[in-house]
Amino acid sequence: MTQPLDVDERRAALETLSGWQEADGRDAIERRFRFADFVEAFSFISAVALEAERRDHHPDWSNVYNRVSIALSTHDAGGVTEKDIALARAIDKAAARFGQ
Ligand code: HBI
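Everything numeric here is computed off the predicted structure, so don't read it as measured data.

## Things to note about the packing of aromatic side chains
Reasoning step 1: All chains considered together, the criterion is met by 6 aromatic pairs.
Reasoning step 2: Taken together, a centroid distance of 4.9 Å and an interplanar angle of 35° make the contact between F35 and F44 tilted. Of the two residues, F35 and F44, neither departs from the other in class, the shared state being buried.
Reasoning step 3: Between F38 and F42, the ring centres sit 5.7 Å apart and the planes meet at 35°, which makes this aromatic pair tilted. With F38 and F42 both in helix 2 (residues 38–55) and 4 residues apart, this pair spans about one turn of that helix.
Reasoning step 4: Members of the aromatic cluster, each reached through a chain of ring pairs, are F33, F35, F44 and F98.

Okay, structure coming up:
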């Protein structure tokens, strides 16, 4: 099984990402997005959902109209792993296509 990153690995990985931070009160990383409207937010969600399914690695997320919050952790490993960093990187690419 993939091992959780240690504190230094996690900090170094966060620096390679765009807008991700330690999640409040849980062992995860998170990024919050704000889109022009619901359709744009949902288009982004759809793109991320397909990418997550392709990787068999899925976000914990919420959507309120044009806002999307995404938290990433590897449930099976009980922490943040390289799988989360790789998915965060893919999410950053998807977000960039939506002007984020
Ligand atoms: N997604 N974030 C996350 N963490 C997991 O451990 C995980 C997942 N998606 C699918 C998955 N594990 C499967 O390997 C099984 O646990 C169903």
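## Some thoughts on the nonpolar core
Reasoning step 1: Formed by 22 residues in total, the largest nonpolar core has its most connected members in W20, I29, F44 and I91.
Reasoning step 2: Those elements giving two or more residues to this core turn out to be helix 1 (7–15), strand 2 (29–34), helix 2, strand 4 (67–72) and helix 3 (82–97).
Reasoning step 3: The dominant element in this core, judged by the number of residues it contributes, is helix 3, at 6 residues.

## Thoughts on the pattern of salt bridges
Reasoning step 1: Here the structure, examined in full by the defined rule, presents 8 salt bridges.
Reasoning step 2: Taking the shortest distance from any N to any O, the salt bridge between D27 and R10 comes out at 2.5 Å. Note that D27 is positioned in the loop between strand 1 (21–22) and strand 2 and R10 in helix 1, a separation of 17 residues in sequence.
Reasoning step 3: Residue D27 is classed as partly exposed on the basis of its relative accessible area, which comes to 41%.
Reasoning step 4: Looking at R10, the relative accessible area reads 10%, which means it is buried.
Reasoning step 5: Among the salt bridges present, the one from R26 reaches D60, with a minimum N-O distance of 2.9 Å. Here R26, found in the loop between strand 1 and strand 2, pairs with D60, found in strand 3 (residues 60–64); they are 34 residues apart in sequence, far enough to count as distant.
Reasoning step 6: By relative accessible area, R26 is classed as partly exposed at 38%.
Reasoning step 7: Taken together, the salt bridges that share partners define one network made up of R10, E22 and D27.

Rules used in this analysis
The residue numbers shown here count from 1 along each chain, following its written sequence. Reporting in this predicted model follows two pLDDT cut-offs: at least 70 for local features of residues, and 80 or more for side-chain atom pairs to be given and counted; totals over whole chains, interfaces and linings ignore these cut-offs and use all residues. Side-chain numbers come from the whole structure's heavy atoms, not from hydrogens or water. Side-chain rings of Phe, Tyr and Trp, where Trp is taken by its six-membered ring, are said to pair if the distance between their centres is within 6.5 Å; with planes under 30 degrees apart they count as stacked, over 60 as edge-to-face, and otherwise as tilted. Burial here depends on accessible area, computed with a 1.4 Å probe over protein chains only, as a share of the maximum for the residue type. Under 20% is buried, over 50% is exposed, and the range in between is partly exposed. Here a helix means four or more residues in a row that DSSP labels H or I, a strand means two or more in a row labelled E, and each is numbered from the N terminus. Put simply, buried Ala, Val, Leu, Ile, Met, Phe, Trp, Tyr and Cys residues joined by side-chain atoms within 4.5 Å make one nonpolar core. Salt bridge, as applied in this entry: a Lys or Arg side-chain nitrogen positioned within 4 Å of an Asp or Glu carboxyl oxygen.

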